[in-house]
Amino acid sequence: MLTLSLERKQLLSGLLLSLVTVFFSSTVAAVGKHVSQEVHVSAIVLVQYGISFLFALPAVLRAGRSGVTTSRPGLHIVRGVSGCACFYLYYIALSKISLVEATLLRSSAPLMVPLVIYLWFSERLRKETWPPLVVGFVGVVLVLKPGFTGLSLWHLLALLSGLGLAVSMVSTRVLAQHEPQNRILFYYFSISLLVSLPFFIWNYQPIPLSAWPGLLYMGVAIYLSFVMYTLAYRYVSAAALAPISYFGVVFSGLLDWLIWDHIPDVLTLFGIAFVVSGGVLVLRHKATPAPA
């Protein structure tokens, strides 16, 4: 009974951390959509990771050599590159399509997690994993509208950002079982910063003063999000947490309405209801061990 109670507390802690992370990410996306009208996406990504790197650096420096010594450099690289690609593609899509459309396509990541796990580890997921994913997928389809009228290259880029997020989800879960949080964050921000730098140099444009408040908020919020995101994967598996990202569609829909006056139609509201239901169903899914 005690063990079951502990598992339940860990599950709830992981889910709550993930939900708060999704909310922060939605506000970052809204700010990013606004800022992308003033600066190039490469500048947004670079500043975001630069600020996060500065926050993560002190803890690693205090730990000395042990703070950066890792036995899984390849996995850190995979996570850093996939995470950076996710944000870069997502922000590009945000500058061209609505916040809800970009977010829901990025939120297709949970549907890709089982495929990533299968291809990466040759491990099939238990049948309990699928109901939340299926329900959430139905919601995504309803929000997109049957027939996918009006899809474009920007929608494809948003979908590819979901694939990057799925790879990041799985690699984060594995790293969290073997590495301390500060080391994981340090390598992620360092690698992502290095990957984003050439794109910034290639597309260099002066950053106007009016854009800096938004950029600073994005950097701080993203750092806090990744602290909670990484911590959540210590408690719950990637498959169990994945459907929570569907709530990003709900938060983005509200922000789209409040900021850009985009009012969802009835079909979209039904879709959002399915998305929420898919996230709630995950509460019945017990945490499972991560692939080693």
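Residues numbered from 1 in each chain as written. Predicted model: local features only at pLDDT ≥ 70, side-chain atom pairs only at ≥ 80, totals over all residues. Heavy atoms only, no water.

Below, the discussion takes up the overall build of the chain. Looking only at helices and strands, the chain has twelve helices and zero strands in total. Its helices and strands in sequence order give the chain the pattern α-α-α-α-α-α-α-α-α-α-α-α, from N to C terminus. Per-residue burial for the chain yields a buried fraction of 53% across its 292 residues. Taking all contacts inside the chain whose residues are at least 6 apart in sequence as the whole, residues at least 24 apart take part in 92%. (Helix = DSSP H or I, 4+ residues; strand = E, 2+ residues; numbered from the N terminus. Buried < 20%, exposed > 50% of the residue type's maximum accessible area, 1.4 Å probe, protein only. Contact = heavy atoms within 4.5 Å.)

Let us look at the packing of aromatic side chains. Going through the model one piece at a time under the given rule, you end up with 15 aromatic pairs. A centroid spacing of 5.1 Å and a plane angle of 10° characterise the contact between W120 and F121, whose relative ring orientation is stacked. With a relative accessible area of 34%, W120 lands in the partly exposed category. Grouped by ring-pair contacts, the aromatic residues Y49, F55, F87, Y90, Y91, Y188, F189 and Y223 constitute a single cluster. When the ring centre of Y188 is taken as origin, the NZ or CZ atom of R79, which lies over that ring, is 4.4 Å away. Residue placement shows K96 over the ring face of W154; its charged tip is 5.4 Å from the ring centre. (Phe/Tyr/Trp six-rings, centres within 6.5 Å; stacked < 30°, edge-to-face > 60°. Lys NZ or Arg CZ within 6 Å of the ring centre and 35° of its normal.)

On to a nonpolar patch on the surface, then. Taken together, W130, V134, F137, V138 and F274 make up a surface patch of nonpolar side chains, about 430 Å² in accessible area. As for its position among the elements, W130 is in helix α6 (residues 130-144). Take W130: its relative accessible area is 40%, and that puts it in the partly exposed class. (Patch = residues over 30% accessible without salt bridge, like charges linked within 9 Å, V, L, I, M, F, W, Y side chains within 5 Å. Areas by Shrake-Rupley, 256 points an atom, 1.4 Å probe, with all protein chains shown as cover. Salt bridge = Lys/Arg side-chain N within 4 Å of Asp/Glu carboxyl O.)

With the rule as written, the count across this model stands at two cavities of 30 Å³ or more. Of the volumes computed, that of the largest cavity is approximately 360 Å³. Contributing to the lining of the largest cavity are 29 residues, with T21, V22, S25, R106 and L165 lying nearest its centre. Examining the composition of the lining of the largest cavity, we find that seven residues originate from one element, helix α1 (residues 2-35), more than from any other. Of the residues contributing to the lining of the largest cavity, the split by class is 16 nonpolar, twelve polar and one charged. If you trace the second largest cavity, you find it lined by V39, H40, A43, F200, N203, Q205, P206 and I207. Considering only residue class, the lining of the second largest cavity consists of five nonpolar, three polar and no charged. (1 Å grid on protein atoms, 1.4 Å probe; cavity = no way out; pocket = protein on both sides within 12 Å on 5 of 7 lines; lining within 4 Å. Points joined across faces, edges and corners; volume = space filled by probe spheres on them. Nonpolar A, V, L, I, M, F, W, Y, C, P; charged D, E, K, R; others polar.)

Bringing the nonpolar core into the picture now. By size, the foremost hydrophobic cluster in this structure holds 82 residues, and its most contacted members are Y91, F189 and F226. Those residues in contact with F189, other than ones at most four positions away along the chain, are Y49, S52, F53, A56, Y223 and F226. (Core = buried A, V, L, I, M, F, W, Y, C linked by side-chain atoms within 4.5 Å.)

As for its placement among the helices and strands, S161 is situated in helix α7 (residues 153-176). On the basis of relative accessibility, which here comes to 0%, the residue S161 falls in the buried class. With residues near it in sequence (within four places) discarded, S161 still touches C86, L89, Y90 and R106.

Turning our attention to the pattern of salt bridges. Summed over all chains, the structure comprises one salt bridge. E179 is paired through a salt bridge with R183; the nearest N and O atoms lie 2.4 Å apart. Residue classification places E179 among the buried positions, given a relative accessible area of 4%.

Moving on, we come to helix α2 (residues 41-63). Given a rise of 1.5 Å per residue, 23 residues ought to cover 33 Å, and the 34 Å separating the end C-alpha atoms of α2 matches this to within 8%. The largest bend along α2 reaches roughly 30° and is located at L57, with the proline P58 sitting one to four residues downstream. Positive backbone phi, at 70°, marks G64, one or two positions downstream of α2. (Expected span 1.5 Å × (residues − 1). Bend = angle between axes of the 7 residues up to and from the residue.)

This paragraph deals with the environment of L11. Its place among the elements puts L11 in helix α1. Sequence separation between L11 and R234 is 223 residues; the distance between their C-alpha atoms is 9.9 Å.

Okay, the packing of α2 against helix α3 (residues 73-94) next. Interaxial distance between α2 and α3 falls to 9 Å at its minimum, and their mutual angle equals 140°. One way to sum up the angle between α2 and α3 is to call them oblique. As for the relative orientation of α2 and α3, their crossing is right-handed in sense. Counting all contacts with α2, which are made through V41, S42, I44, V45, Q48 and Y49, the residues of α3 involved are G83, C84, F87, Y88, Y91 and I92. Of the residues in the contact of α2 with α3, the class split is nine nonpolar, three polar and no charged. (Axes fitted to C-alpha atoms, helices over the stretch in contact; angles between N-to-C directions. Parallel < 35°, antiparallel > 145°, perpendicular 65-115°, else oblique. Left-handed = near helix turned anticlockwise from the far one by under 90°.)

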